[in-house]
Amino acid sequence: QVQLVQSGAEVKEPGASVKISCKASGYMFMDYAIHWVRQAPGQRPEWMGWINRGNDNKKYSQKFQGRFTISRDTSANTVYMELSGLMSEDTAVYYCARVLTGSDGCDFWGQGTRVTVSS
Amino acid sequence: QSVLTQPPSVSGAPGQRVTISCTGSSTNIGAGYDVQWYRQLPGTAPKLLIFDSVHRPPGVPGRFSGSKSGISASLAITGLQAEDEADYYCHSSDSSLTVVFGGGTKLTVL
């Protein structure tokens, strides 16, 4: 069955970077794009960026331009996100989500990775 | 302020029908972009209920339906059940911000 398994919770100091992995299984990895979405406590989900299927095209939210990077390791069926210059406002649960082909709908989600930014 | 506006809360009794609206603008829903709907239980990831405004993924009951008109979209839930109590979010693309989510609606089953 389709699964997206993310790396574990992180606690970081302000100014640090965090890298989260999202390992896919149960489907043809390169056939689907992946979104990264975060959700601060009590807030709506917030889109951060995506990596396209079949190629290395990426798109990032302007809000995170310059400090957010998505990468992919096809040999490991894993997508990564890295966010640098962490601030307390970056405290949130970060999700990867598979994008339905031909749609913007995200049909499978990772379990979420909690990132806490605190000094 | 969310680009997509949802009512903060709706409620209904078991068995009733409720609708949740999602109002956008000419740069997102009004520009022809489709709408997705998700349900989120506390501490869990969102679950896709409706994609491309009207389609249900496999496994989602027919009690859930979506529609879109003009700058708005709606999610309708019939035969309300206690397990439907959750937060619901709409999601679309926007020509300026690329991908946007609504502010969320908390559904209470009375």
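Here we summarise the structure given alongside this text. (Residues numbered from 1 in each chain as written. Chains lettered and ligands numbered in written order. Predicted model: local features only at pLDDT ≥ 70, side-chain atom pairs only at ≥ 80, totals over all residues. Heavy atoms only, no water.)

Evaluation of the coordinates by the stated rule reveals ten salt bridges over all chains. Across the pair Lys58 of chain A and Asp56 of chain A runs a salt bridge, and its minimum N-O distance is 3.9 Å. Lys58 of chain A gets classed as partly exposed once you look at its relative accessible area, which sits at 36%. The shortest N-O distance in the salt bridge between Arg63 of chain B and Asp84 of chain B comes to 2.8 Å. With Arg63 of chain B in the loop between β4 (47–50) and β5 (64–69) and Asp84 of chain B in the loop between β6 (72–77) and β7 (86–94), this pair connects stretches of sequence that are 21 residues apart. You can call Arg63 of chain B buried: its relative accessible area is 15%. Through salt bridges with shared partners, one network takes in Arg38, Glu46, Lys63, Arg67 and Asp90 of chain A. (Salt bridge = Lys/Arg side-chain N within 4 Å of Asp/Glu carboxyl O. Buried < 20%, exposed > 50% of the residue type's maximum accessible area, 1.4 Å probe, protein only. Helix = DSSP H or I, 4+ residues; strand = E, 2+ residues; numbered from the N terminus.)

Core analysis: the biggest nonpolar cluster contains 25 residues, and Ile34, Trp36, Phe68, Leu83 and Tyr94 of chain A have the highest contact counts within it. Residue assignment for this core shows that the elements contributing at least two residues are β3 (18–25), β4 (34–39), β5 (46–51), β7 (68–73), β8 (78–83), β9 (92–99) and β11 (113–117) of chain A. Broken down by element, the residue count for this core peaks at four residues, all from β3 of chain A. The next biggest cluster of nonpolar side chains, apart from the first, holds 22 residues, and it includes Ile20, Ala73, Leu75 and Leu80 of chain B. (Core = buried A, V, L, I, M, F, W, Y, C linked by side-chain atoms within 4.5 Å.)

The next subject is the interface of chain A and chain B. With 19 residues of chain A at the interface, the matching set in chain B holds 19 residues. Around 1500 Å² of area is buried between chain A and chain B when both sides are counted, 61% of it from carbon and sulfur atoms. Counting every contact that joins chain A to chain B gives zero salt bridges. Within the residue set of the side of chain A that touches chain B, elements represented by two or more residues are β4, β5 and β10 (106–109) of chain A. Classifying every residue of the side of chain A that touches chain B gives seven nonpolar, seven polar and five charged. (Contact = heavy atoms within 4.5 Å. Buried area = accessible area lost by both parts, 1.4 Å probe. Nonpolar A, V, L, I, M, F, W, Y, C, P; charged D, E, K, R; others polar.)

Let us now look at the sheet that holds strand β2 (residues 18–23) of chain B. Paired through their backbone hydrogen bonds, the strands of a sheet run either parallel or antiparallel. Residues and elements named next belong to chain B. Pairing within the open sheet is antiparallel, and its three strands lie in the order β2-β6-β5. Looking at the sheet topology across the chains shown, the edges are occupied by β2 and β5. Taken over all neighbouring pairs, the strand axes of this sheet differ in orientation by 20° on average, direction set aside. (Pairing = 2+ DSSP bridges. Axes fitted to C-alpha atoms, helices over the stretch in contact; angles between N-to-C directions.)

We now examine the state of the cysteines. Residue and element names in this part refer to chain A. Per the stated rule, a full pass over the model turns up two disulfides over all chains. Between the sulfur of Cys22 and that of Cys96 lies a disulfide, 2.0 Å long from S to S. Judged by the torsion about the S-S bond (80°), the Cys22/Cys96 disulfide is right-handed. Taken together, the positions of Cys22 in strand β3 and Cys96 in strand β9 put the pair 74 residues apart, joining distant regions of the chain. (Disulfide = S-S within 2.5 Å.)

What follows is about the pairing of β4 of chain A. All names here are of chain A. Here β4 lies mainly inside the structure; six of its six residues are buried. Pairing of β4 with β5, which is carried by five bridges, proceeds in the antiparallel orientation. In the sheet register, Val37 faces β5, and the bridge partner there is Trp47. Remark: six residues form the turn of the hairpin made by β4 and β5, two consecutive strands paired antiparallel; Gly42 in that turn has positive phi of roughly 75°.

All names here are of chain A. Pairing in this open sheet of four strands is antiparallel, and the strands run β1-β3-β8-β7 from one edge to the other. Edge positions in the open sheet fall to β1 (3–6) and β7, since each of these has one partner strand only. With strand direction ignored, the average angle separating the axes of adjacent strands in the sheet is 20°. Here six bridges tie β3 to β8, and the two strands are oriented antiparallel to one another. Each residue of the ladder has a partner; that of Lys23, found in β8, is Thr78.

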